[in-house]
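A look at the structure
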Amino acid sequence: MPLNLKDLGIHLAPEGRKNIPDPTVLYDLIIIGGGPAGMTAAVYASRKRFRALLIAKDLGGQVLWTSDIENYMGYQYITGQELSKKFGEQMEANPIDMQMPDEVEMLKVEPGQIFRVKTKNKKEFTAKSVVIASGKRYRSLGVPGEREFLGKGVAYCATCDAPLFAGKDVAVIGGGNSALTAVNDLLKVANQVKLVNIMPNLQGDAVLVEKARDPRVELFLGWETVAIKGLDKVEAIQIINRKNKESRELKVQGVFIEIGLEPNSEFAKGVLLLNEHYEIIVDCSCRTSVIGIFAAGDVTNVQEKQIIVAAGDGAKASLAAYSYILNRGA
């Protein structure tokens, strides 16, 4: 006798169904996040004929902030926006319900192992399983002037905002891959780039460090940024040498803060086990500490934060959710 998915409690998605979320439906799967992990999970869920819902503030996630991608299989070179578009087009060919733009602010486990989520737009949805693929966001510097000059010279995305600083002197705060990538982007348009890193050396990949060895890049290694100054817009940053406490003021018209990312996992606190970095702890099958909740991509403790790794984990998480639902029954 052929397998009857309805008898197993899986709601078959009708052909041609519109992507309109329905709060009255008990979904088979809710996917939180629209980056590579979330979009891949959505494609796999659709192909398994899940009744699934994707909740995201955008489609693309961190990939939208990336300029040059040279290590994603199938493309020798592609921009982040182009790759996000490719992901989105494939997802739209396998439609699921979508709640966008929105973000989850509460995740709750209810009796009967039913999961309820509440969004910032005050929508509530329930499901038999969840895949968390909410990714990470920019970490703030936390110094005077940072918030005041946001959009007035302070930026977090060189891919997005570098053209606004054509011919100007700018500072990049940080010393890892994101900071070095920002330097490379800014060298295409800016007059001079001042790279300020609290550590005494650069921590990025060798190829990116080499690209930053440009006559128009001035390095301040072992210097801490303590303030961003100006009147109506950014005019300078104040830095202090960590070793000898020397203080300097650098005249710049823009500041790009590239000091890493932090996971979008606040809604999972108190529900799932997190590590010291507030990443969701998963096993090799993307299972979390709660049965029926899976996680994928940069929001997890998986060591390598790469697009291809996130996409692969999204597929694994969706397939693991499918197996869970089969074994769970109605």
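Calculation rules
- Every chain is numbered on its own, with residues counted from 1 as its sequence reads.
- Owing to the predicted nature of the model, reporting of local features is limited to residues with pLDDT of at least 70; listing and counting of side-chain atom pairs is limited to 80 or more, with chain, interface and lining totals taken over all residues.
- Hydrogens and water are ignored here; the side-chain numbers use all heavy atoms of the structure.
- Helical segments are the DSSP runs of H or I of at least four residues, strand segments are the runs of E of at least two, and each set is numbered from the N terminus.
- In this treatment the radius of gyration is a C-alpha quantity, and the globule benchmark scales as 2.2 Å times the residue count to the 0.38 power.
- For every residue, the accessible area obtained with a 1.4 Å probe (protein chains only) is divided by the maximum for its type, and the residue is called buried under 20%, exposed over 50%, and partly exposed between those limits.
- Two residues qualify as a contact provided that any one of their heavy atoms is within 4.5 Å of a heavy atom in the partner residue.
- Method for areas: the Shrake-Rupley scheme with a 1.4 Å probe, in which residue coverage is limited to the protein chains shown.
- His is not counted, nor are the chain ends; Lys and Arg add positive charge and Asp and Glu add negative charge.
- A single reference atom marks each charge: NZ on Lys, CZ on Arg, CG on Asp, CD on Glu.
- To estimate how far a helix should reach, multiply one less than its number of residues by 1.5 Å.
- At least two bridges found by DSSP between two strands are what make those strands a pair.
- When the strands point away from the viewer, a crossover counts as right-handed if the route from the first strand across the helix to the second turns clockwise.
- In this analysis an axis means a line fitted to C-alpha atoms, helices contributing only their contacting stretch, and an angle means the value between N-to-C directions, from 0 to 180 degrees.
- Our arc is simply the arc of the directions from the helix axis toward the C-beta atoms.
- Each residue gets a pLDDT score, which is the predictor's confidence in that residue and runs from 0 to 100.
- Orientation is classified from the angle alone, with under 35 degrees giving roughly parallel, over 145 giving roughly antiparallel, 65 to 115 giving roughly perpendicular, and any other angle giving oblique.
- Here a crossing is called left-handed whenever its near helix is offset anticlockwise from the far helix by less than a right angle, and right-handed whenever the offset is clockwise.
- In this count, Pro and Cys sit with the nonpolar residues alongside Ala, Val, Leu, Ile, Met, Phe, Trp and Tyr, while Asp, Glu, Lys and Arg are called charged and the others, Gly among them, polar.

What about the overall build of the protein?
- Along its length, the protein carries six helices and 21 strands.
- Scaling as 2.2 N^0.38, a compact globule of 330 residues should have a C-alpha radius of gyration of about 20 Å, and the protein matches this with 22 Å.
- Projected onto its principal axes, the C-alpha coordinates of the protein cover approximately 75 × 40 × 35 Å.
- Every one of the 330 residues in the protein was classed for burial, and the buried ones make up 49%.
- For the protein, the proportion of contacts with a sequence separation of at least 24, taken over those separated by at least 6, is 61%.
- Split by element, the accessible area of the protein, about 16,200 Å² in all, is 51% carbon and sulfur.
- Of note, the protein has its 40 positive side-chain charges centred 3 Å away from the centre of its 39 negative side-chain charges.

Focus on helix α1 (residues 36-47)
- The end-to-end C-alpha distance of α1, which contains 12 residues, comes to 17 Å, matching closely the 16 Å that a straight helix rising 1.5 Å per residue would cover.
- Pro36, Ala37, Gly38, Met39, Thr40, Ala41, Ala42, Val43, Ala45 and Ser46 are the residues of α1 that are buried.
- Residues of α1 that are buried in the fold lie against β2 (29-32), β3 (52-55), α2 (80-92), β10 (130-132) and α6 (307-328).

Quick word on the pairing of β2
- Side chains Leu29 and Ile31 project from β2 onto one buried face, and the interleaved Ile30 and Ile32 project onto a second face that is buried too.
- Relative to β3, β2 is paired through four bridges, and the arrangement is parallel. Residue Ile30 lies in a different strand from β3, and its bridge partner there is Leu53.
- Handedness of the β-α-β unit built from β2, α1 and β3 comes out right-handed.
- In the sheet, β2 pairs with β10 via three bridges, with the strands oriented parallel. Following the sheet pairing, Ile30 is matched in β10 by Val130.

A look at the pairing of strand β7 (residues 104-110)
- The pairing of β7 with strand β8 (residues 114-119) spans six bridges and is classified as antiparallel. Each residue of the ladder has a partner; that of Val109, found in β8, is Phe115.
- Between β7 and β8, which pair antiparallel and follow one another directly, the connecting turn spans three residues, one of which, Gly112, has a positive phi of 85°.

Some remarks on the sheet that holds strand β13 (residues 169-173)
- On the basis of which strands lie adjacent, the open sheet formed by five strands has the order β12-β19-β13-β14-β15 and parallel pairing. Whereas interior strands pair on both sides, the edge strands pair on one side only; in this sheet they are β12 (154-155) and β15 (217-221).
- Note: β13 against strand β14 (residues 192-197), five bridges, orientation parallel. When the bridges of β14 are listed, Ile173 appears paired with Val196.
- Each of β13, β14, β15 and β19 (254-257) is contacted by helix α4 (residues 177-186), which is oriented at about 165° to β13, the strand it contacts most.

Some points on α2
- Over its 13 residues, α2 runs 18 Å from end to end, which matches the ideal 18 Å to within 8%, given 1.5 Å per residue.
- Taken as a whole, α2 has its buried residues at Gly80, Leu83, Ser84, Phe87, Gly88 and Met91. Seen along its axis, α2 keeps its buried residues to an arc of 140°; they face one direction. Away from its buried face by more than 90 degrees, α2 exposes Lys85 and Glu92.

A look at the confidence of the model for the protein
- Across the protein, the average pLDDT comes to 90, with 93% of residues at or above 70.
- Across residues 1-13, where pLDDT falls below 50, the model places 31 contacts with residues more than four positions away in sequence or in other chains.

Topic: the packing of α1 against α2
- It is the contact of α1 with α2, at a shortest axis distance of 9 Å, that shows an interaxial angle of 20°. Viewed along their axes, α1 and α2 adopt a mutual orientation that is roughly parallel. Note on packing geometry: the crossing formed by α1 with α2 is left-handed. In this structure, α1 contributes Pro36, Met39, Thr40, Ala42 and Val43 to the contact, and α2 contributes Ser84, Phe87, Gly88, Gln90 and Met91.
- Of the residues belonging to the contact of α1 with α2, the class tally is six nonpolar, four polar and no charged.

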